[in-house]
Amino acid sequence: MTSPEQPSSRSPLALERRTIEVIPDAERHGAPHSQFTLWFGASMQITAVVDGALAVVFGADALWAIPALLVGNVLGGVVMALHSAQGPRLGVPQMISSRAQFGVFGAVVPLVMVILMYLGFAATGSVLAGQALRRILHLHGTTPGILVFGVLTAVVALAGYRLIHLAGRVATVVGSIGLGYLLVAVFARYDVGAHVGRQSFDAATFLLAVSLGAGWQLTFGPYVADYSRYLPRTTSARAAFWSAFSGSVLGAQWAMSLGALIAAVAGESFLSDQVGFVGELAGPAAVGFLIYLVVLVGKLTVNCLNAYGGFMSILTTVTAFDGRSRVTPAARALYITAFTAAATVVAVAASADFLDNFKNFVLLLLMVFTPWSAVNLTDYYLVSHERVDIPALYDPDGRYGRWNVPALSSYVLGVLAQVPFLAQKLYTGPLTDRLGGADVSWIVGLVFTAAVYLPWARHTADPPAETVHPAADEPEGNGDSDSDCRNPATAEN
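Model, not experiment: these values are computed from the prediction.

S.K.: Even after reading the chapter, I still don't get the overall build of the protein, so can you show me in this structure?
M.R.: Helices and strands together make up the secondary structure of the protein, namely 18 helices and zero strands. Counting the 493 residues in the protein, one finds 61% classified as buried. Restricting the contact set of the protein to residue pairs at least 6 apart, pairs at least 24 apart contribute 85%. Looking at the protein as shown, the accessible area adds up to about 17,800 Å², and 68% of this sits on carbon and sulfur atoms.

Rendered as structure tokens:
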């Protein structure tokens, strides 16, 4: 009998049947380069352009904003790719693996924030996609475009993993062509040299740009392994790391640099209508139409990641308490449709004042996700040394239990430690002014949380002597004989 993901059903249009359960070795497939195209395509899109523009909108000179964004993308990309390297090794979704740190029930605490993150990014992306569809279909207002885009997102997310990867490959090609053309157009239509380098270096705005770049990468952390978990267990951790890292960082930096330059030369004309501006920048109406299609393809790719990830996170939350590891196709469709509908409603309500809301949303996410990443990566690489009892991830009475006090306490302390360093619209921390208004809270969150958790976990953690796989999925001999157990930054291909 053919299993759900055997070669005979590997068409991109075949519906995915696996959800949060372990992917058996017999159903693993693909190569690490698939991670490059997925994350390059997901980053090479209009929201990343807006993210880069924010650095200039909020005070940085483009000459300093672009290298600052690069620093942030690289630092955040390292964290993101370390999460990605867990996928082939464990074969489970990212937030299922975090049960090894937080406990089966305890993992629900960061999961609630993860679901809100998916919802927020899906909504903000829908606003931009709605603007593009308004021009493509000549609709009246953005709302009809947002509704149409919600339907497209739900359809692709329902198909699942394979179609999402195909969308990433398409977005890589069309994004490179479209955003490459726009970069040339900026230099052709504007005297870029006259608009950059006019302000001296400012530490606060430089660090804001670093935070925007890092925030883009760090928010991929809770779901990046969802898309590497189908890779064969024999996949080199180093290859998985560098494929995700290079794709995400190169795609995001290209788009953000374009955004910084556009904001520098265009000012208010870009702020009032981001998608409309890039269409006009493209020149002739026919070319502008193609650019709107590029915007749509890029947004569809990343919004499908959000809808798929939102579904997986909701399912991970619910099944922590009822013991299931999979659901019926009908339940899957209901979860995804409900999530997409909620994101669409939020998008319609939040389309005004988009730029300011988006900036504060990204920086707020940094506050709640950097401590989670610090706990997960510290435990996986430094405490457990990549050894996980995979069946216990689904058993509240197993090795990891229901709640893990050291991880949860370190997470909460990591969130609280960032408060004095926040630079938000609603709240500015008391230490922020001393730093010239710079928001360095995410750095504090990473370092402080890891420093608290590491010594505590070394005294309380009980990792297995070697990775424990489900009984039906054990390779011959040693359970880790076909896995690369070393650090992905140093392991051999």
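We are not done yet, so read on.
S.K.: Is there a simple way to think about the environment of His-195 in this case?
M.R.: Along the chain, His-195 turns up in the loop between helix H9 (161-189) and helix H10 (203-218). At 2.9 Å, the side chain of His-195 forms a polar contact with the backbone oxygen of Asp-191.

S.K.: Would you mind going over the packing of aromatic side chains with me for this structure?
M.R.: The geometry of an aromatic ring pair is captured by the separation of the ring centres together with the interplanar angle, meaning the angle of the planes. Applying the stated criterion across every chain yields a total of 20 aromatic pairs. With centroids separated by 5.5 Å and ring planes inclined at 20°, the aromatic side chains of Phe-36 and Phe-40 adopt a geometry described as stacked. Of this pair, Phe-36 and Phe-40 both sit in helix H1 (residues 33-43), four residues apart, roughly one helical turn. Centre to centre, the rings of Trp-39 and Tyr-223 are 6.0 Å apart; their planes meet at 70°, and the pair counts as edge-to-face. A residue pair is termed long-range when its members are at least 10 positions apart, and Trp-39 in helix H1 and Tyr-223 in the loop between H10 and helix H11 (237-266) qualify at 184 residues. For the pair shown, Trp-39 and Tyr-223 are each scored as buried. Here the aromatic cluster, defined as three or more aromatic residues joined through ring pairs, consists of Trp-39, Tyr-118, Trp-216, Phe-220, Tyr-223, Tyr-227 and Tyr-308.

S.K.: Honestly, the environment of Leu-163 in this entry has me stumped. Any pointers?
M.R.: Here Leu-163 lies in helix H9. With relative accessibility at 15%, the residue Leu-163 sits in the buried group. A sequence separation of 138 residues divides Leu-163 from Thr-301, and the C-alpha atoms of the two residues are 9.6 Å apart.

S.K.: Help me out: how do you make sense of the packing of H9 against helix H14 (residues 285-322) in this one?
M.R.: Packed helix pairs are specified by the crossing angle of their axes together with the interaxial distance, meaning the distance between the axes. Two elements in contact, H9 and H14, have axes whose closest approach is 9 Å; the angle formed by their N-to-C orientations is 145°. In terms of crossing hand, the pair formed by H9 and H14 is left-handed. Of the residues in H14, those in contact with Tyr-161, Ile-164, Ala-167, Gly-168, Val-170, Ala-171, Val-174, Gly-175, Gly-178, Leu-179, Tyr-181 and Leu-182 of H9 are Val-287, Ile-291, Val-294, Val-297, Thr-301, Cys-304, Leu-305 and Tyr-308. A per-class count over the contact of H9 with H14 returns 16 nonpolar, four polar and no charged.

S.K.: What's the story with the confidence of the model for the protein in this structure? I'm lost.
M.R.: Predicted coordinates in areas of low pLDDT are best not read in detail. When pLDDT is averaged along the protein, the result is 85; 88% of the residues meet or exceed 70. For residues 1-9, every residue scores under 50 in pLDDT, and the model assigns this stretch 19 contacts once sequence neighbours within four places are set aside.

S.K.: Before we go on, may I ask you to explain a nonpolar patch on the surface in this structure?
M.R.: The grouping of Val-412, Leu-413, Leu-416 and Phe-448 at the surface amounts to a nonpolar patch, some 330 Å² of accessible area in total. Element by element, the count of residues in the nonpolar patch is highest for helix H17 (residues 405-418), at three residues. Mapped onto the elements, Leu-416 comes out in helix H17.

S.K.: Is there a simple way to think about the pattern of salt bridges in this case?
M.R.: Close approach of charged atoms allows side chains with opposite charge to pair. Scanning the entire structure with this criterion turns up seven salt bridges. Between Arg-18 and Glu-27 there is a salt bridge, with the nearest N and O atoms lying 2.5 Å from each other. Glu-27 matches Arg-18 in its accessibility class, with the two residues each being buried. Salt-bridge contacts for Arg-233 lead to Asp-25; the nearest nitrogen and oxygen are separated by 2.7 Å.

S.K.: I keep staring at unusual backbone geometry and nothing clicks. Help me out?
M.R.: The phi dihedral of His-385 is positive, around 55°, even though this residue is not glycine. Inspection of the secondary structure assignment puts His-385 in the loop between helix H16 (354-383) and H17. For His-385, a relative accessible area of 43% gives the class partly exposed. Positive phi is not limited to glycine here, since Glu-386 has a value of about 70°. Within the secondary structure, Glu-386 is located in the loop between H16 and H17. A relative accessible area of 5% means that Glu-386 is categorised as buried.

S.K.: Looking at this structure, I do not really get the packing of helix H2 (residues 46-57) against helix H3 (residues 62-84). What am I missing?
M.R.: The geometry of H2 relative to H3 is characterised by a closest axis approach of 9 Å and an angle of 135° between their N-to-C directions. Taken together, the axis directions place H2 and H3 in an arrangement best described as oblique. For the crossing formed where H2 meets H3, the hand is right-handed. Contacts between H2 and H3 involve Gly-52, Ala-55 and Val-56 from the former and Ala-62, Ala-65 and Leu-69 from the latter. Each residue belonging to the contact of H2 with H3 can be placed in one class, and the counts come to five nonpolar, one polar and no charged.

S.K.: Explain the side chain of Ser-97 here, please?
M.R.: For Ser-97, the location among the structural elements is in helix H5 (residues 94-97). Residue class for Ser-97 comes out buried when judged on its relative accessible area of 5%. If near-sequence neighbours (up to four positions away) are discounted, Ser-97 is found in contact with Gln-86, Leu-90, Val-92, Asn-376 and Leu-393.

Reading guide: rules and limits
Residues numbered from 1 in each chain as written. Predicted model: local features only at pLDDT ≥ 70, side-chain atom pairs only at ≥ 80, totals over all residues. Heavy atoms only, no water. Helix = DSSP H or I, 4+ residues; strand = E, 2+ residues; numbered from the N terminus. Buried < 20%, exposed > 50% of the residue type's maximum accessible area, 1.4 Å probe, protein only. Contact = heavy atoms within 4.5 Å. Areas by Shrake-Rupley, 256 points an atom, 1.4 Å probe, with all protein chains shown as cover. Polar contact = N/O pair within 3.5 Å; in protein donor to acceptor, adjacent residues only side chain to side chain. Phe/Tyr/Trp six-rings, centres within 6.5 Å; stacked < 30°, edge-to-face > 60°. Axes fitted to C-alpha atoms, helices over the stretch in contact; angles between N-to-C directions. Left-handed = near helix turned anticlockwise from the far one by under 90°. Nonpolar A, V, L, I, M, F, W, Y, C, P; charged D, E, K, R; others polar. pLDDT = per-residue confidence, 0-100. Patch = residues over 30% accessible without salt bridge, like charges linked within 9 Å, V, L, I, M, F, W, Y side chains within 5 Å. Salt bridge = Lys/Arg side-chain N within 4 Å of Asp/Glu carboxyl O. Parallel < 35°, antiparallel > 145°, perpendicular 65-115°, else oblique.

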